[in-house]
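# Observations on the model geometry
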Amino acid sequence: MTVQTMRAALGLAVAAGLALLAMPSLAQEVANGPVSGLPLPRYVSLKSDRVNLREGPSKEHRTSWVFQRAGLPVEITAEFETWRRVRDADGTEGWVLHSLLSGRRTVLVSPWSKNKGETFSLRETTSDSAPVVATLEPGVIANVQSCQNGWCRVTVSKMSGYMKQDRLWGVYPNETVQ
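What counts and what doesn't
- Residues numbered from 1 in each chain as written.
- Predicted model: local features only at pLDDT ≥ 70, side-chain atom pairs only at ≥ 80, totals over all residues.
- Heavy atoms only, no water.
- Phe/Tyr/Trp six-rings, centres within 6.5 Å; stacked < 30°, edge-to-face > 60°.
- Helix = DSSP H or I, 4+ residues; strand = E, 2+ residues; numbered from the N terminus.
- Buried < 20%, exposed > 50% of the residue type's maximum accessible area, 1.4 Å probe, protein only.
- Pairing = 2+ DSSP bridges.
- Salt bridge = Lys/Arg side-chain N within 4 Å of Asp/Glu carboxyl O.
- Disulfide = S-S within 2.5 Å.

Now for the packing of aromatic side chains. One pass over the full model with this rule turns up 2 aromatic pairs. Ring centres 5.0 Å apart and planes at 80 degrees place the aromatic pair Tyr 43 and Trp 169 in the edge-to-face group. Highlighted residues: Tyr 43 in strand β1 (residues 42–46) and Trp 169 in strand β14 (residues 168–169), separated in sequence by 126 residues. In terms of burial, Tyr 43 and Trp 169 fall into one category: buried. When the ring of Tyr 43 is compared with that of Tyr 172, the centres are 4.5 Å apart and the planes differ by 40 degrees; the resulting orientation is tilted.

The structure is reproduced here in structure tokens:
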């Protein structure tokens, strides 16, 4: 078997696996990754300031993007051997070596916000009327401490407080994080 034949076979196997995951009836049954046994999809973060996003699950595949922000949250949508298919907040998808990912939960503050000058309040408690600890701009990375009842406790530069969960990318709606 030639290298090209092996690559083609690998590509077909990965595509078939992703197609099966996309089917609604089977997607509900497949709750854990075939390699890690961890839930799919799930959020993780990047370990390094330089992470290559590849078109397929091997170093032979072309690099389509280079992430340059350690701690950036990404969503794992598929697994193949030591590779993880990830999606970022902009919807960019590709394959990353699992060793470049961390289980540490981080979030982006309202990365979808396009209003120049818009900020979001980090509050002392889980109330819209609680005192503001800090104001954060869209795209700020925060470490997740916990999430429950629609609020997440996050830390940014030694400041901790609460933000509404729907203003954060990197946690699922109504997800409980402990």
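Across the 5 residues that make up strand β5 (residues 83–87), a large majority, 4, are buried. Taken together, the 5 bridges between strand β4 (residues 73–80) and β5 define a ladder with antiparallel strand orientation. If you follow Ile 76 over to β5, its bridge partner there is Val 86. The hairpin formed by β4 and β5 contains 2 residues between the paired strands, and Glu 81 there has a positive phi angle of roughly 50 degrees. Pairing between β5 and strand β6 (residues 93–97): 5 bridges, direction antiparallel.

According to the stated counting rule, one finds 8 salt bridges in the structure shown. Glu 55 is the partner of Arg 62 in a salt bridge, and the nearest nitrogen-oxygen pair spans 2.6 Å. We classify Arg 62 as exposed; its relative accessible area is 52%. The shortest N-O distance in the salt bridge between Lys 164 and Asp 128 comes to 3.1 Å. You can see Lys 164 sitting in strand β13 (residues 159–164) and its partner Asp 128 sitting in the loop between β9 (120–123) and β10 (132–136), a full 36 residues away along the chain. Since its relative accessible area comes to 23%, Lys 164 is described here as partly exposed. A cluster of three or more residues bridged by salt bridges with shared partners is formed by Glu 75, Arg 85, Arg 87 and Glu 93.

In the structure shown here, the tally under the stated rule is 1 disulfide. Covalently, Cys 147 is tied to Cys 152 through a disulfide, its sulfur atoms 2.0 Å apart. Note on the Cys 147 and Cys 152 pair: the S-S dihedral is about 110 degrees, so by sign convention the disulfide is right-handed. Both residues of the pair, Cys 147 and Cys 152, belong to the buried class.

Our focus in this paragraph is unusual backbone geometry. Note that the residue after Leu 40, namely Pro 41, is joined by a cis bond; omega there is -10 degrees. For Pro 41, the position within the fold is in the loop between α2 (24–29) and β1. Look at Asn 149: it is not a glycine, yet its phi comes out positive at around 55 degrees. With respect to the secondary-structure elements, Asn 149 resides in the loop between β11 (141–148) and β12 (151–156).

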